[in-house]
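An overview of the molecular structure
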Amino acid sequence: MPDTPTPATLHKNPSTAPAAATPSSSDSSKPLGERGRTALAVGVVEKIAGMAAREVSGIHALGSGLSRTFGAMRDRVPGGKSSIGRGIKAEVGEKQTAIDIALVVEYGVVIPELARQVRENIIDAVERMTGLEVVEVNIAVNDVHLPDEPDVEEEEEETPSSGQRPKLR
């Protein structure tokens, strides 16, 4: 019966070690920080992208009109949590991610330039914070907010407080 190599003999005499037991084939040869796997939830990438997009001036809101309306109602429910990732959808793999974002822009901004800034900011933040490669950021501009248009949240605050329910549109 051949002698079973010990870890000490493997490191001293790698040429006599069997091929299957070489240090490069086991996880113990990896640095401590690389042992194991890190899984990122889709919501993590969406929140990072949402925060990065909001840093760019010229964006009025994220999401389509319907998602903003439901989000505003959800924000007002006691115990409800606001969604920073509203209007953002991400696909997350082991090493790459793709992001779709829906925007409402302020009137007067140059949309192609705004889209470039948003894309760059999202890619920088997501890649820096997660280590994932961002393969694409697709931007859909769903609306332009005019200066004299009220916000969805402002409309809800201006409802009569006489105890009557506001009329639904």
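Residues numbered from 1 in each chain as written. Predicted model: local features only at pLDDT ≥ 70, side-chain atom pairs only at ≥ 80, totals over all residues. Heavy atoms only, no water.

1. Points about the overall build of the protein chain
Heads up, the rule is: Secondary structure counts use DSSP, requiring at least four H or I residues in a row for a helix and at least two E residues in a row for a strand, with both numbered from the N terminus. Only protein chains enter the area calculation, which uses a 1.4 Å probe; residues under 20% of their type maximum are buried, those over 50% are exposed, and those in between are partly exposed. Residues are treated as being in contact if the distance between any of their heavy atoms lies within 4.5 Å.
Along its length, the protein chain carries 5 helices and 4 strands. Beginning at the N terminus, the succession of helices and strands in the protein chain can be written as α-α-β-α-β-β-α-β-α. Taking all 169 residues of the protein chain together, 25% fall into the buried category. Of the contacts formed within the protein chain by residues at least 6 apart in sequence, a portion of 69% connects residues at least 24 apart.

2. A closer look at the pattern of salt bridges
Rules: Put simply, a salt bridge is a Lys or Arg side-chain nitrogen that is within 4 Å of an Asp or Glu carboxyl oxygen.
With the rule as written, the count across this model stands at 3 salt bridges. Put simply, Arg116 and Glu113 hold a salt bridge, and the shortest N to O gap is 2.3 Å. One end of the pair is Arg116 and the other is Glu113, both in helix 4 (residues 111-130) and 3 residues apart, which spans about a single turn. You can call Arg116 partly exposed: its relative accessible area is 35%. Through salt bridges with shared partners, a single ionic network connects Glu113, Arg116 and Glu120.

3. Some remarks on helix 2 (residues 42-54)
Applied cut-off: Helices are assigned an expected span. That span is 1.5 Å times one less than the residue count.
Look at helix 2: 18 Å from first C-alpha to last across 13 residues, which is about the 18 Å you get at 1.5 Å a residue. Along helix 2, the positions that sit buried rather than exposed are Val45, Glu46, Ile48, Ala49, Gly50, Ala52 and Ala53. In this fold, the buried residues of helix 2 make contact with strand 1 (59-62), strand 2 (88-92), strand 3 (96-106) and helix 4.

4. Quick notes on the confidence of the model for the protein chain
To keep things clear, this is the line we draw: Confidence of the predictor at the level of single residues is captured by pLDDT, which takes values from 0 to 100.
When pLDDT is averaged along the protein chain, the result is 76, and 61% of the positions lie at 70 or above. The least confident element of the protein chain, judged by mean pLDDT, is helix 5 (residues 152-157) at 45; the most confident is helix 4 at 97. Under a pLDDT of 50 for its full length, residues 9-24 has, in the predicted model, 8 contacts with residues more than four places off or in other chains.

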